[in-house]
Amino acid sequence: MTNLMQILVSTLTVGSVLGLVALGYNLVFSSTRIVNFAQGSMIVIAGFTAFAMTRSGMPIWMAFILTVAASAAIGVLIELIAIRPLGKFDPTTNVAWILTTFSVGLIAIDVVKRAVDAKAHPLPALVGSVFGWTGSRVEGVAVTPTDGLIVLTALGLMVGIELMQTRTMTGRAFRAVAQDRQAASLMGINTEAVVRGTFALAGALAAVGAVLLAPKLFVKLENGVLLGLQSFIAAVLGGLGSIRGAVAGGYAIALTSALVETASPTSARFEPLVIFGLFMIVLVVRPAGIFGSPAVEKV
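Everything quoted here is computed from the prediction, not taken from an experiment.

S.K.: Would you take a moment to explain the overall build of the chain for this structure?
M.R.: Of the regular secondary structure elements, the chain holds 11 helices and two strands. Order of helices (α) and strands (β) in the chain, N terminus to C terminus: α-α-α-α-β-β-α-α-α-α-α-α-α. In terms of overall dimensions, the chain is globule-like: its C-alpha atoms have a radius of gyration of 19 Å, near the 19 Å expected for 299 residues. C-alpha atoms of the chain, sized along the principal axes, occupy 60 × 45 × 35 Å.

S.K.: Help me out: how do you make sense of unusual backbone geometry in this one?
M.R.: Glycine aside, residues mostly have negative phi angles, and peptide bonds mostly take the trans form. Positive phi values are uncommon outside glycine, yet Arg33 reaches one of about 65°. Topologically, Arg33 is positioned in the loop between helix 1 (2-32) and helix 2 (39-55). In this model, Phe218 sits at a positive phi of 70°, which is unusual for a non-glycine residue. Counting through the fold element by element, Phe218 comes out in the loop between helix 8 (191-217) and helix 9 (222-238).

S.K.: Help me out: how do you make sense of empty space enclosed by the protein in this one?
M.R.: Where empty space is left can be seen by rolling a probe of water-molecule size over the atoms. Under the defined criterion, the tally for this structure stands at two cavities of 30 Å³ or more. In this structure, the largest cavity encloses a volume near 70 Å³. If you trace the largest cavity, you find 13 residues lining it, with Ile43, Ala210, Phe218, Val219 and Asn223 closest to the centre. Elements with a minimum of two residues in the lining of the largest cavity: helix 2, helix 8 and helix 9. Residues of the lining of the largest cavity, tallied by class, amount to 10 nonpolar, two polar and one charged.

S.K.: Looking at this structure, how should I read the packing of aromatic side chains?
M.R.: Both the distance between ring centres and the angle between the ring planes are used here to describe each pair of aromatic rings. Following the criterion strictly, the structure yields four aromatic pairs and no others. A centroid spacing of 6.3 Å and a plane angle of 0° characterise the contact between Phe37 and Trp97, whose relative ring orientation is stacked. Taken together, the residues span a long stretch of sequence, with Phe37 in the loop between helix 1 and helix 2 and Trp97 in helix 4 (residues 96-115) at a distance of 60 residues. A relative accessible area of 28% means that Phe37 is categorised as partly exposed. A connected cluster of aromatic rings, assembled from ring pairs, spans Tyr25, Phe37, Trp97 and Phe232.

S.K.: How should I be thinking about the side chain of Glu79 in this particular structure?
M.R.: Its place among the elements puts Glu79 in helix 3 (residues 60-83). A relative accessible area of 4% places Glu79 in the buried class. Glu79 has contacts with Arg84, Val195, Arg196 and Phe199, leaving out every residue within four places of it along the chain.

S.K.: Help me understand the packing of helix 1 against helix 2, please; the structure alone is not making it clear to me.
M.R.: Relative placement of two packed helices is described by the angle separating their axes and the distance separating the axes. At their nearest, the axes of helix 1 and helix 2 sit 10 Å apart, and the two run at 130° to each other. Taken together, the axis directions place helix 1 and helix 2 in an arrangement best described as oblique. Seen along the crossing, helix 1 lies across helix 2 with a hand that is right-handed. On helix 2, the residues that touch Val21, Gly24 and Tyr25 of helix 1 are Gln39, Gly40 and Ile43.

S.K.: Before we go on, may I ask you to explain helix 1 in this structure?
M.R.: In an α-helix, one turn spans 3.6 residues, which is why side chains three or four residues apart end up on the same side. Helix length check: helix 1 (31 residues) gives 44 Å between terminal C-alpha atoms against 45 Å at 1.5 Å per residue, within 8%. Across the 31 residues of helix 1, 24 count as buried, placing the element largely inside the fold. A positive phi of about 65° marks Arg33, the residue just after helix 1.

S.K.: What is the right way to look at the confidence of the model for the chain in this model?
M.R.: Low pLDDT marks regions whose predicted coordinates should not be analysed in detail. Per-residue confidence for the chain averages 85 on the pLDDT scale, and 95% of its residues sit at or above 70. The weakest mean pLDDT in the chain belongs to strand 1 (residues 136-138) at 74; the strongest belongs to helix 3 at 93.

S.K.: Please explain the pattern of salt bridges as it appears in this structure.
M.R.: Any two side chains of opposite charge can pair if their charged atoms end up close together. Tallied over the full model, the rule gives four salt bridges. Where Lys216 meets Asp147, a salt bridge forms, and the shortest distance between an N and an O atom there is 2.9 Å. In this pair, Lys216 is assigned in helix 8 and Asp147 in helix 5 (residues 145-167), connecting sequence segments 69 residues apart. Judged by relative accessible area, which is 5%, Asp147 ranks as buried. For the salt bridge of Arg244 with Glu162, the shortest nitrogen-to-oxygen distance reads 3.8 Å. Here Glu162 lies in helix 5 and Arg244 lies in helix 10 (residues 243-263), a separation of 82 residues in the sequence. Among the residues examined, Glu162 registers a relative accessible area of 23% and is labelled partly exposed.

S.K.: Quick question: what am I supposed to make of a nonpolar patch on the surface here?
M.R.: A surface patch of nonpolar side chains, about 270 Å² in accessible area, is lined by Leu77, Leu80 and Ile81. Considering the arrangement of structural elements, one finds Leu77 in helix 3.

S.K.: Would you explain the packing of helix 3 against helix 8 in this entry?
M.R.: Across the interface, helix 3 lies against helix 8 with an axial gap of 7 Å and an inter-helix angle of 140°. In terms of orientation, helix 3 and helix 8 fall into the oblique class. Here helix 3 and helix 8 pass one another in a crossing that is right-handed. Together, Phe64, Thr67, Val68, Ser71, Ala72, Gly75, Val76, Ile78, Glu79 and Ile83 of helix 3 and Val195, Arg196, Phe199, Ala200, Gly203, Ala204, Ala207, Val208 and Val211 of helix 8 make up the contact between the two elements.

Rules and cut-offs
Residues numbered from 1 in each chain as written. Predicted model: local features only at pLDDT ≥ 70, side-chain atom pairs only at ≥ 80, totals over all residues. Heavy atoms only, no water. Helix = DSSP H or I, 4+ residues; strand = E, 2+ residues; numbered from the N terminus. Rg over C-alpha atoms; globule rule 2.2 N^0.38 Å. 1 Å grid on protein atoms, 1.4 Å probe; cavity = no way out; pocket = protein on both sides within 12 Å on 5 of 7 lines; lining within 4 Å. Points joined across faces, edges and corners; volume = space filled by probe spheres on them. Nonpolar A, V, L, I, M, F, W, Y, C, P; charged D, E, K, R; others polar. Phe/Tyr/Trp six-rings, centres within 6.5 Å; stacked < 30°, edge-to-face > 60°. Buried < 20%, exposed > 50% of the residue type's maximum accessible area, 1.4 Å probe, protein only. Contact = heavy atoms within 4.5 Å. Axes fitted to C-alpha atoms, helices over the stretch in contact; angles between N-to-C directions. Parallel < 35°, antiparallel > 145°, perpendicular 65-115°, else oblique. Left-handed = near helix turned anticlockwise from the far one by under 90°. Expected span 1.5 Å × (residues − 1). pLDDT = per-residue confidence, 0-100. Salt bridge = Lys/Arg side-chain N within 4 Å of Asp/Glu carboxyl O. Patch = residues over 30% accessible without salt bridge, like charges linked within 9 Å, V, L, I, M, F, W, Y side chains within 5 Å. Areas by Shrake-Rupley, 256 points an atom, 1.4 Å probe, with all protein chains shown as cover.

Printed below as a string of structure tokens:
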């Protein structure tokens with residue numbers, strides 16, 4: 001029972017954060033048909049930004065709000081630096097965006113190293129107690145208010161974005177650009193503003209995930225590779241461009257990791273192998289991902 005509870009808690013918390021970051025990948029892909037490989041670096045930037053603010057004496061909630069706003073602005077900056085200079089291009093034939101987004105991410109991490117440092121740091125929890133409840137142990141596994149906040153915030157944001165895309169004019173503009181960017185432009189939609197909006201939203205989502213998970217995993221440079229890569233796999237696994245796919249992929253990766261880690265004391269080293277194995281199996285069966293739709297070429 002202890003192992004089962006540990007698997008459940010790990011799947012819900014880590015899967016929620018992976019789903020948030022994967023959602024950022026999917027939003028950008030929907031509007032541009034490119035993958036923003038700087039998304040993983042946004043986790044690092046946001047985490048160290050929040051740490052720098054709290055180190056200076058700022059309350060964690062204020063640091064959280066400012067970090068989300070700053071990350072949204074950095075997301076727009078990434079679009080301006082890595083994508084805009086490429087002009088109008090076909091992402092399927094011109095793959096310069098792979099180098100530009102990846103390079104911007106590496107540069108950003110190096111800036112963090114020099115501006116803050118390269119050490120791992122803790123962040124205080126956003127919520128210490130809920131109506132006096134500060135945490136408990138269930139079957140020997142610690143469950144804290146932070147765990148509940150991570151899950152509820154992630155699910156709330158995912159549902160909110162889903163409703164925004166289906167119930168609002170802004171969401172309709174997002175979907176129009178995703179379906180046919182040129183046609184959306186001819187209909188009067190400011191496609192550049194929509195693209196900037198998706199990059200800003202992707203940056204904000206990465207910041208939310210980074211700050212929420214920091215009390216459990218700390219703020220460290222390795223999170224950019226670890227969470228960034230796993231979130232990308234989750235996005236592809238669930239189906240690039242699908243909100244529900246991002247959620248499903250995030251929980252699938254987290255569940256797989258939790259199962260491997262609790263199988264035996266030495267099985268953790270096989271975690272990447274098992275995750276990539278699952279990744280390959282799903283893509284062989286469903287190349288477009290769990291909730292993805294096969295690409296249809298217009299003639």
